[in-house]
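As a plain string of letters, each chain reads:
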Amino acid sequence: MKFWLILWAALFVWTVQVSAVEPDEIMQDPALEARAREVSQDLRCVVCQNQSIDDSNSGIAKKMRILVRDRIAHGDSNQEVKDYLVSRYGDFVLLKPPMNAKTMVLWFGPALMIVIGLVGIVFYYRRRSAQAAQGKGIAVPLTAQEQARLDALMKEEGSDK
(Lines give C-alpha, C1' and ligand atoms only; values in the text may rest on other atoms or scores of the structure.)
Protein backbone atom coordinates (compact mmCIF):
# COMPACT_ATOMS: atom_id res chain seq x y z
CA MET A 1 0.00 0.00 0.00
CA LYS A 2 2.81 2.38 0.88
CA PHE A 3 4.53 1.61 -2.46
CA TRP A 4 1.40 2.53 -4.44
CA LEU A 5 0.96 5.76 -2.49
CA ILE A 6 4.56 6.77 -3.22
CA LEU A 7 4.17 5.82 -6.87
CA TRP A 8 0.96 7.83 -7.17
CA ALA A 9 2.57 10.84 -5.52
CA ALA A 10 5.61 10.59 -7.80
CA LEU A 11 3.41 10.42 -10.90
CA PHE A 12 1.36 13.37 -9.72
CA VAL A 13 4.45 15.48 -9.08
CA TRP A 14 5.99 14.40 -12.38
CA THR A 15 2.93 15.33 -14.44
CA VAL A 16 2.46 18.77 -12.89
CA GLN A 17 3.46 21.24 -15.56
CA VAL A 18 6.33 23.37 -14.39
CA SER A 19 6.61 26.87 -15.73
CA ALA A 20 10.07 28.22 -16.49
CA VAL A 21 8.99 31.86 -16.19
CA GLU A 22 11.29 33.56 -13.70
CA PRO A 23 10.03 36.11 -11.18
CA ASP A 24 11.94 38.97 -12.84
CA GLU A 25 10.03 38.32 -16.10
CA ILE A 26 6.53 38.56 -14.63
CA MET A 27 4.62 41.71 -15.57
CA GLN A 28 3.13 43.92 -12.86
CA ASP A 29 -0.32 44.03 -14.47
CA PRO A 30 -2.02 40.62 -13.94
CA ALA A 31 -4.15 41.03 -17.10
CA LEU A 32 -1.08 41.67 -19.26
CA GLU A 33 0.75 38.77 -17.59
CA ALA A 34 -2.18 36.47 -18.35
CA ARG A 35 -2.02 37.55 -22.01
CA ALA A 36 1.73 36.96 -22.08
CA ARG A 37 1.24 33.46 -20.65
CA GLU A 38 -1.48 32.74 -23.20
CA VAL A 39 0.78 33.78 -26.09
CA SER A 40 3.80 31.96 -24.63
CA GLN A 41 1.86 28.68 -24.40
CA ASP A 42 1.32 28.78 -28.18
CA LEU A 43 4.98 29.41 -29.08
CA ARG A 44 7.56 26.64 -29.47
CA CYS A 45 11.04 26.90 -28.00
CA VAL A 46 13.32 26.76 -31.05
CA VAL A 47 15.94 24.85 -29.03
CA CYS A 48 13.78 22.35 -27.13
CA GLN A 49 11.26 21.97 -29.98
CA ASN A 50 8.66 20.07 -27.95
CA GLN A 51 8.12 22.66 -25.25
CA SER A 52 6.45 26.00 -25.23
CA ILE A 53 8.64 28.97 -24.39
CA ASP A 54 6.66 29.22 -21.16
CA ASP A 55 7.88 25.73 -20.11
CA SER A 56 11.45 25.87 -21.43
CA ASN A 57 14.51 26.85 -19.40
CA SER A 58 16.72 27.57 -22.42
CA GLY A 59 18.26 30.98 -22.89
CA ILE A 60 16.52 31.60 -26.21
CA ALA A 61 13.15 30.77 -24.63
CA LYS A 62 13.81 33.34 -21.91
CA LYS A 63 14.66 35.96 -24.55
CA MET A 64 11.49 35.06 -26.45
CA ARG A 65 9.39 35.35 -23.25
CA ILE A 66 10.88 38.80 -22.58
CA LEU A 67 10.22 39.80 -26.21
CA VAL A 68 6.58 38.67 -25.89
CA ARG A 69 6.15 40.72 -22.73
CA ASP A 70 7.82 43.78 -24.30
CA ARG A 71 5.54 43.61 -27.34
CA ILE A 72 2.44 43.24 -25.12
CA ALA A 73 3.58 46.14 -22.92
CA HIS A 74 3.89 48.31 -26.05
CA GLY A 75 0.26 47.59 -26.97
CA ASP A 76 0.51 44.75 -29.52
CA SER A 77 -2.40 42.31 -29.65
CA ASN A 78 -1.78 38.60 -29.06
CA GLN A 79 -1.97 37.92 -32.80
CA GLU A 80 0.45 40.76 -33.59
CA VAL A 81 2.96 39.30 -31.13
CA LYS A 82 2.65 35.85 -32.74
CA ASP A 83 2.93 37.35 -36.22
CA TYR A 84 6.09 39.20 -35.19
CA LEU A 85 7.71 36.02 -33.87
CA VAL A 86 6.62 34.06 -36.97
CA SER A 87 8.26 36.74 -39.13
CA ARG A 88 11.51 36.24 -37.17
CA TYR A 89 11.51 32.43 -36.76
CA GLY A 90 9.02 31.12 -39.33
CA ASP A 91 5.90 28.99 -38.84
CA PHE A 92 7.98 26.43 -36.93
CA VAL A 93 7.83 28.69 -33.85
CA LEU A 94 4.11 27.99 -33.50
CA LEU A 95 3.19 24.87 -31.53
CA LYS A 96 0.18 24.49 -33.86
CA PRO A 97 1.48 25.69 -37.25
CA PRO A 98 -1.08 26.59 -39.92
CA MET A 99 -1.64 24.13 -42.74
CA ASN A 100 -0.16 25.61 -45.89
CA ALA A 101 2.33 24.66 -48.60
CA LYS A 102 5.32 25.49 -46.39
CA THR A 103 4.16 23.37 -43.46
CA MET A 104 2.94 20.26 -45.28
CA VAL A 105 6.05 18.38 -44.14
CA LEU A 106 5.28 19.24 -40.51
CA TRP A 107 1.72 17.98 -40.86
CA PHE A 108 2.14 14.93 -43.09
CA GLY A 109 5.83 14.02 -42.74
CA PRO A 110 5.44 11.63 -39.79
CA ALA A 111 2.51 9.77 -41.36
CA LEU A 112 4.36 9.56 -44.67
CA MET A 113 7.43 8.10 -42.96
CA ILE A 114 5.27 5.45 -41.26
CA VAL A 115 3.62 4.49 -44.57
CA ILE A 116 7.01 4.26 -46.31
CA GLY A 117 8.31 2.09 -43.47
CA LEU A 118 5.31 -0.25 -43.64
CA VAL A 119 5.59 -0.58 -47.43
CA GLY A 120 9.28 -1.37 -47.03
CA ILE A 121 8.53 -4.06 -44.45
CA VAL A 122 5.86 -5.63 -46.70
CA PHE A 123 8.26 -5.74 -49.67
CA TYR A 124 11.03 -7.17 -47.51
CA TYR A 125 8.89 -10.03 -46.20
CA ARG A 126 7.38 -10.78 -49.63
CA ARG A 127 10.83 -11.00 -51.16
CA ARG A 128 12.07 -13.11 -48.29
CA SER A 129 9.17 -15.57 -48.59
CA ALA A 130 9.63 -15.78 -52.38
CA GLN A 131 13.31 -16.59 -51.89
CA ALA A 132 12.44 -19.24 -49.32
CA ALA A 133 9.95 -20.80 -51.75
CA GLN A 134 12.61 -20.94 -54.46
CA GLY A 135 15.18 -22.43 -52.14
CA LYS A 136 16.85 -19.04 -52.00
CA GLY A 137 17.64 -19.30 -55.71
CA ILE A 138 20.74 -21.44 -55.28
CA ALA A 139 21.08 -24.27 -57.81
CA VAL A 140 22.96 -27.27 -56.38
CA PRO A 141 24.42 -29.63 -59.02
CA LEU A 142 23.36 -33.29 -58.87
CA THR A 143 25.83 -35.97 -57.92
CA ALA A 144 26.63 -38.64 -60.51
CA GLN A 145 24.46 -41.16 -58.65
CA GLU A 146 21.49 -38.70 -58.51
CA GLN A 147 21.92 -37.89 -62.21
CA ALA A 148 21.89 -41.60 -63.12
CA ARG A 149 18.72 -42.13 -61.05
CA LEU A 150 17.06 -39.12 -62.72
CA ASP A 151 17.98 -40.41 -66.19
CA ALA A 152 16.52 -43.81 -65.32
CA LEU A 153 13.27 -42.24 -64.10
CA MET A 154 13.03 -40.10 -67.21
CA LYS A 155 13.47 -43.16 -69.46
CA GLU A 156 10.74 -45.01 -67.53
CA GLU A 157 8.42 -42.04 -67.85
CA GLY A 158 9.07 -41.83 -71.58
CA SER A 159 8.48 -45.57 -72.22
CA ASP A 160 5.05 -45.48 -70.49
CA LYS A 161 3.67 -43.02 -73.03
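See the structure printed just above.
Anyway, here's the lowdown on the structure attached to this text. Keep in mind that what you see is a predicted model, and the values were worked out from it rather than measured. (Residues numbered from 1 in each chain as written. Predicted model: local features only at pLDDT ≥ 70, side-chain atom pairs only at ≥ 80, totals over all residues. Heavy atoms only, no water.)

What follows covers the overall build of the protein chain. Scanning the protein chain from N- to C-terminus turns up six helices and zero strands. Traced from its N-terminal end to its C-terminal end, the protein chain shows the element sequence α-α-α-α-α-α. Residue burial in the protein chain is summarised as follows: out of 161 residues, 22% are buried. Of the contacts formed within the protein chain by residues at least 6 apart in sequence, a portion of 50% connects residues at least 24 apart. For the protein chain, the accessible surface area stands at approximately 12,400 Å², while carbon and sulfur atoms represent 63% of it. (Helix = DSSP H or I, 4+ residues; strand = E, 2+ residues; numbered from the N terminus. Buried < 20%, exposed > 50% of the residue type's maximum accessible area, 1.4 Å probe, protein only. Contact = heavy atoms within 4.5 Å. Areas by Shrake-Rupley, 256 points an atom, 1.4 Å probe, with all protein chains shown as cover.)

Time to look at a nonpolar patch on the surface. The grouping of Phe92, Met99, Met104, Leu106, Trp107 and Phe108 at the surface amounts to a nonpolar patch, some 570 Å² of accessible area in total. Checked against the element boundaries, methionine 99 lands in the loop between α4 (78-89) and α5 (104-133). (Patch = residues over 30% accessible without salt bridge, like charges linked within 9 Å, V, L, I, M, F, W, Y side chains within 5 Å. Salt bridge = Lys/Arg side-chain N within 4 Å of Asp/Glu carboxyl O.)

Below, the discussion takes up the packing of helix α3 (residues 59-73) against α4. Geometry of a packed helix pair, given as the angle between the helix axes and the separation of the axes. The geometry of α3 relative to α4 is characterised by a closest axis approach of 10 Å and an angle of 140 degrees between their N-to-C directions. Between α3 and α4, the interaxial angle falls into the category oblique. Considering the relative orientation of α3 and α4, their crossing is right-handed. Packed against α3, whose contacting residues are Ile60, Met64, Leu67, Val68, Arg71 and Ile72, the element α4 presents Val81, Tyr84, Leu85, Arg88 and Tyr89 at the interface. Looking at side-chain class alone, the contact of α3 with α4 contains nine nonpolar, no polar and two charged residues. (Axes fitted to C-alpha atoms, helices over the stretch in contact; angles between N-to-C directions. Parallel < 35°, antiparallel > 145°, perpendicular 65-115°, else oblique. Left-handed = near helix turned anticlockwise from the far one by under 90°. Nonpolar A, V, L, I, M, F, W, Y, C, P; charged D, E, K, R; others polar.)

Here we come to the packing of aromatic side chains. By the definition in use, this model includes one aromatic pair. Ring geometry for tyrosine 124 versus tyrosine 125: centroids 5.1 Å apart, planes at 75 degrees, classification edge-to-face. Tyrosine 124 gets classed as partly exposed once you look at its relative accessible area, which sits at 48%. Above the face of the phenylalanine 92 ring, arginine 44 is positioned so that its terminal group lies 4.8 Å from the ring centre. For the cation-ring pair, arginine 71 lies above tyrosine 84, with the distance from its terminal atom to the ring centre recorded as 3.9 Å. (Phe/Tyr/Trp six-rings, centres within 6.5 Å; stacked < 30°, edge-to-face > 60°. Lys NZ or Arg CZ within 6 Å of the ring centre and 35° of its normal.)

You can see serine 52 is positioned in the loop between α2 (30-41) and α3. Sequence-distant contacts of serine 52, that is, excluding residues within four places in its chain, are made with Ser40, Gln41, Leu43, Arg44, Cys45 and Leu95.

Residues Val39, Leu43, Ile53, Val68, Ile72, Val81 and Leu85 are the most contacted members of the largest nonpolar core, which totals 15 residues. Element by element, the count of residues in this core is highest for α3, at five residues. Apart from the residues lying within four places of it in its own chain, the contact partners of isoleucine 53 are Ser40, Leu43, Arg44, Cys45, Ala61, Met64, Arg65 and Val68. (Core = buried A, V, L, I, M, F, W, Y, C linked by side-chain atoms within 4.5 Å.)

It is worth spelling out the pattern of salt bridges at this point. All chains considered together, the criterion is met by five salt bridges. For glutamate 33, the salt bridge goes to arginine 69, with nearest N and O atoms at 2.8 Å. Of this pair, glutamate 33 sits in helix α2 while arginine 69 sits in helix α3, and the two are 36 residues apart along the sequence. For arginine 71, the salt bridge goes to aspartate 76, with nearest N and O atoms at 2.7 Å. Residue class for arginine 71 comes out partly exposed when judged on its relative accessible area of 26%. A relative accessible area of 15% places aspartate 76 in the buried class. Residues joined in a network through salt bridges with shared partners are Glu33, Arg37, Asp54 and Arg69.

Right, let's get into the packing of α2 against α4. Their axes nearest at 10 Å, the elements α2 and α4 cross at an angle of 40 degrees. Comparing their axes, α4 and α2 come out oblique. The handedness of the crossing between α2 and α4 comes out as right-handed. Residues Arg35, Glu38 and Val39 of α2 touch α4, and the partners they reach there are Asn78, Val81 and Lys82.

In short, geometric facts, not functional conclusions.
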